[in-house]
Amino acid sequence: MIEMLLYDPNVRWVVMASLLLGLSGGVLGSFAFLRKQSLMGDVLAHAALPGICIAFMLTGTRSMLWFMIGAAIAGMLATFGIGFITRHSRIKQDAALAMSLSVFFSVGVVLLTHIQHHVRGNQSGLDTFLFGQAAAMTMSDVYLLATVALILIAACALFFKEFKLISFDPEFAKGIGLPVAALEQFLMFLIVIAVIVGIQAVGVVLMAALLIIPAVTARYWTDHLGHMVVIAGAIGAFSGFSGTILSTLAHHLPTGPLTVLSATFLFALSLILSPKRGLVGKWLSRRKARMLLVASDHLEQERAFVRGGG
Amino acid sequence: MIQSKAPLKVTDLSVSYHDKPVLEHISFEVPEGKLIGIVGPNGAGKSTLIKSVLELVPRLKGEVTFWGQPYKRVQKRIGYVPQRESVDWDFPTNALDVVMMGRYGHLGWFRRPGKEERRLALESLRMVGMEAYSDRQISQLSGGQQQRVFLARALVQDARIYFMDEPFVGVDAATEKAIITLLNDLKRQGKTVLVVHHDLSTVKEYFDWTMLLNVRLHAFGPTDEVFTPSLLKKTYGGRLTILEQEGKMSLLTN
């Protein structure tokens, strides 16, 4: 069945695109996770919805490029809004994130409903952006999204050393002369783009999961940033791949939930099985420690016995 | 001319946090090759002084030069050891990797650290007695070991002036000794080291020069001349009890 699907060149390309979107989501998500910006991905994804709707209303077409531009502008507005609120009021960042997420998403849903009622019924197909429908991609969408995903991965490879340092110790990075503020903006911009292209595969509501679950899962298997980024990318790619395949097999099921569930499956496995941080690993090392303690106690007792006897 | 060559010269520096003044009208000139302790009560602006000099926090007013030049031109010759709590030690990296970050400034854009960086980083780890821990995940290190890794990272920068923010906080006795040995080594190489320090009982033993700071600069000079009961009282206000017994001075802060 899967083989038959993959013979279809259209399906093959869509699967390829989902795989690349998952890959770039996992790679960028690693940095977002380590910089404690997990929620930022969620805000950006939800903020994208009004951006996409306005782009559709202005251009009247379902053009991926304009959607990306609209989503990017909305995402940037959301991040500026959060920065403004936290700087000029007593509201803390978590509250500011929650507020902007719901405000932007509300506007998005209002606009989406308006479009669905007024633009020739459901023809716009924008509702696929809520939960993702990889199969809704046209061939030109696929080319564009795949190219953007590859550019994102290349940028991360190129700036790996700098991104690592600003994620671990931004003050030290500033001290050795890196333009930290500009690099942070640039990384944020890459995350925005990763979110926007990923929306096509998993949708607005679940995009944060595709950013964070692969990163969290990868952290279970390594203590090395380079390896973590690669593993997270692989997990994202696998999730995108299997989510799209499953969605094609089971008609009408949206890609997003299936992709996220694939990633969650790998997360659950890691939570249990990872040798160092997993539940089984922790249980084994605690058991070993207890056995060593018992053994050394025995030795001590025997020595005392021998001393006492002699 | 000779005066302008001072490794660090600060003129009329003021810094505020929101509308609250943290540092006011600070002026001083640091001599070359000295070990300098920056001492003062909590909230005196000790860390802020270092950070504003290194342009990590904005200054309200004032001029700072290193060897007569602005910070940006001589950045590579300046080493900085931040407070240990300033980073997340659960970050996925090991001790050697953190030390290699000290070479990133020399490497420049897009170039990956290689064999040479590895060699230099291992050498620095050896200098702080941490060579056996080079591949240890950083969360698996004790507080003192983490501090030594930070020191090794600064050493590998091969700077001429070092700024250290409370390197002795929360470290074991062995680390404290390792750090002070290292500071003396640096001094012997003609480097200048400024250390934010809070333990008054060790100031006389550790530092050639001492700065007494409490928002304003109260005294700066050779420790013997500056670290006196009257100047300390002036700096700490009522927050210091000085017990003098048999010519020995004991200090209690509260």
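Bear in mind the structure is a predicted one, so any value in this text is a computation, not a measurement.

1. Brief notes about the environment of Met 137 of chain A
All names here are of chain A. Tracing the backbone through its elements, the reader meets Met 137 in the loop between helix H6 (128-131) and helix H7 (139-158). For the pair Met 137 and Ala 263, spaced 126 residues apart in sequence, the C-alpha separation works out to 22 Å. Here Met 137 is in contact with Val 14, Ala 17, Ser 18, Val 142, Leu 145 and Gln 200, once residues within four sequence places are set aside.

2. Here's the deal with the nonpolar core
In this structure, Leu 126 of chain A together with Met 164 and Leu 183 of chain B are the most contacted members of the largest nonpolar core, which totals 131 residues. Sort the elements by how many residues they give to this core and helix H10 (residues 180-202) of chain A lands first, with 15 residues. Other than its neighbours up to four places away in sequence, Leu 126 of chain A contacts Ile 52, Cys 53, Phe 56, Phe 67, Leu 112 and Ile 115 of chain A. Listed in part, the 30 residues of the second largest apolar core include Leu 13, Ile 36, Ile 38 and Met 211 of chain B.

3. So, the pattern of salt bridges
Residues and elements named next belong to chain B. A complete count under the given rule lists 21 salt bridges over all chains for this structure. A salt bridge links Lys 61 to Asp 12, with the nearest nitrogen and oxygen atoms 2.4 Å apart. Taken as a pair, Lys 61 in strand S4 (residues 61-65) and Asp 12 in strand S1 (residues 8-17) lie far apart in primary sequence, 49 residues in all. Judged by its relative accessible area of 22%, Asp 12 falls in the partly exposed class. The salt bridge involving Glu 123 is made with Arg 119; its shortest N-O contact spans 3.3 Å.

4. Examining the sheet that holds S4 of chain B
All names here are of chain B. Taken in spatial order, the 3 strands of this open sheet run S2-S1-S4, and their pairing is antiparallel. Strand pairing shows two members of the sheet lacking a second neighbour, strand S2 (20-30) and S4, which therefore form its edges. Ignoring which end each strand starts from, the neighbouring axes of this sheet average 20° apart. Across 7 bridges, S1 lies against S2 in antiparallel orientation.

5. Quick notes on unusual backbone geometry
Even without glycine at this site, Lys 36 of chain A takes up a positive phi of about 60°. Secondary-structure assignment places Lys 36 of chain A in the loop between helix H2 (9-34) and helix H3 (38-59). For Asp 12 of chain B, which is not glycine, the phi torsion reads 50° and is therefore positive.

6. A short note on a positive patch on the surface
Together, Lys 282, Arg 286, Arg 287 and Arg 290 of chain A line one region of the surface with positive charge. Of note, Arg 290 of chain A is situated in helix H14 (residues 279-309).

7. Considering the side chain of Asp 42 of chain A
Residue and element names in this part refer to chain A. Here Asp 42 lies in helix H3. Summary of buried charges: Asp 42 has no salt-bridge partner, and the nearest side chain of opposite charge, Arg 35, is 17 Å away. Setting aside residues up to four positions removed in sequence, Asp 42 forms contacts with Leu 101, Val 205 and Ala 208.

8. Here's the deal with the interface of chain A and chain B
In this complex, chain A contributes 28 residues to the contact, which on the side of chain B involves 30 residues. Here chain A and chain B share an interface that buries about 2,700 Å² over both sides, 63% of which is from carbon and sulfur atoms. Together, Lys 161, Phe 168 and Phe 172 of chain A form the three largest contributors to the area buried by chain A at its contact with chain B, with a combined 30%. There are 6 salt bridges connecting chain A and chain B. Residue Arg 153 of chain B is joined to Asp 169 of chain A by a salt bridge in which the shortest nitrogen-to-oxygen separation is 2.8 Å. For the pair chain A and chain B, the number of links is 15 residue pairs in polar contact (both at pLDDT 80 or more). Among the elements of the structure, H7, helix H8 (160-168), helix H9 (170-175) and helix H12 (225-249) of chain A are those that each provide at least two residues to the side of chain A that touches chain B. No other element matches H8 of chain A, which puts 7 residues into the side of chain A that touches chain B. For the side of chain A that touches chain B, the per-class residue count stands at 14 nonpolar, 4 polar and 10 charged.

9. Observations regarding the packing of aromatic side chains
Here the distance between the centres and the angle between the planes together describe a pair of aromatic rings. Residues and elements named next belong to chain B. In the structure shown here, the tally under the stated rule is 21 aromatic pairs over all chains. Note on Trp 209 and Phe 220: the rings are 5.2 Å apart at their centroids and 70° apart in plane angle, and the pair reads as edge-to-face. Of this pair, Trp 209 sits in strand S8 (residues 209-214) while Phe 220 sits in strand S9 (residues 216-222); the two residues are 11 residues apart in sequence, bridging distant segments of the chain. Classification of Trp 209 by relative accessible area gives buried; the value is 19%.

10. What to know about the sheet that holds S9 of chain B
Note: strands within a sheet are paired through backbone hydrogen bonds, in either parallel or antiparallel orientation. Residues and elements named next belong to chain B. Strand order in this open sheet of 6 strands is S5-S6-S7-S3-S8-S9, and the pairing throughout is mixed. At either end of the open sheet lies a strand with only one pairing partner, and these are strand S5 (78-81) and S9. Averaged over all pairs of adjacent strands, the angle between their axes in this sheet comes to 15°, without regard to strand direction. Two strands pair when backbone bridges link them, and strand S6 (residues 161-165) and strand S7 (residues 192-196) are joined in this way by 5 bridges, in the parallel orientation. Within S7, the residue paired with Met 164 across the bridge is Val 195. Where helix H6 (residues 143-156) meets the sheet, its contacts fall on S5 and S6, and the angle it forms with S5 comes to roughly 170°.

11. A short note on the confidence of the model for chain A
Predicted confidence across chain A gives a mean pLDDT of 87, with 95% of residues reaching 70 or more. Taken element by element, the predicted model of chain A shows its lowest mean pLDDT in helix H1 (residues 2-7) of chain A (68) and its highest in H8 of chain A (94).

Each value, and the rule that gives it
- Residues numbered from 1 in each chain as written.
- Chains lettered and ligands numbered in written order.
- Predicted model: local features only at pLDDT ≥ 70, side-chain atom pairs only at ≥ 80, totals over all residues.
- Heavy atoms only, no water.
- Helix = DSSP H or I, 4+ residues; strand = E, 2+ residues; numbered from the N terminus.
- Contact = heavy atoms within 4.5 Å.
- Core = buried A, V, L, I, M, F, W, Y, C linked by side-chain atoms within 4.5 Å.
- Buried < 20%, exposed > 50% of the residue type's maximum accessible area, 1.4 Å probe, protein only.
- Salt bridge = Lys/Arg side-chain N within 4 Å of Asp/Glu carboxyl O.
- Pairing = 2+ DSSP bridges.
- Axes fitted to C-alpha atoms, helices over the stretch in contact; angles between N-to-C directions.
- Patch = residues over 30% accessible without salt bridge, like charges linked within 9 Å, V, L, I, M, F, W, Y side chains within 5 Å.
- Areas by Shrake-Rupley, 256 points an atom, 1.4 Å probe, with all protein chains shown as cover.
- Lys, Arg positive; Asp, Glu negative; His and termini not counted.
- Charge placed at Lys NZ, Arg CZ, Asp CG, Glu CD.
- Buried area = accessible area lost by both parts, 1.4 Å probe.
- Polar contact = N/O pair within 3.5 Å; in protein donor to acceptor, adjacent residues only side chain to side chain.
- Nonpolar A, V, L, I, M, F, W, Y, C, P; charged D, E, K, R; others polar.
- Phe/Tyr/Trp six-rings, centres within 6.5 Å; stacked < 30°, edge-to-face > 60°.
- pLDDT = per-residue confidence, 0-100.

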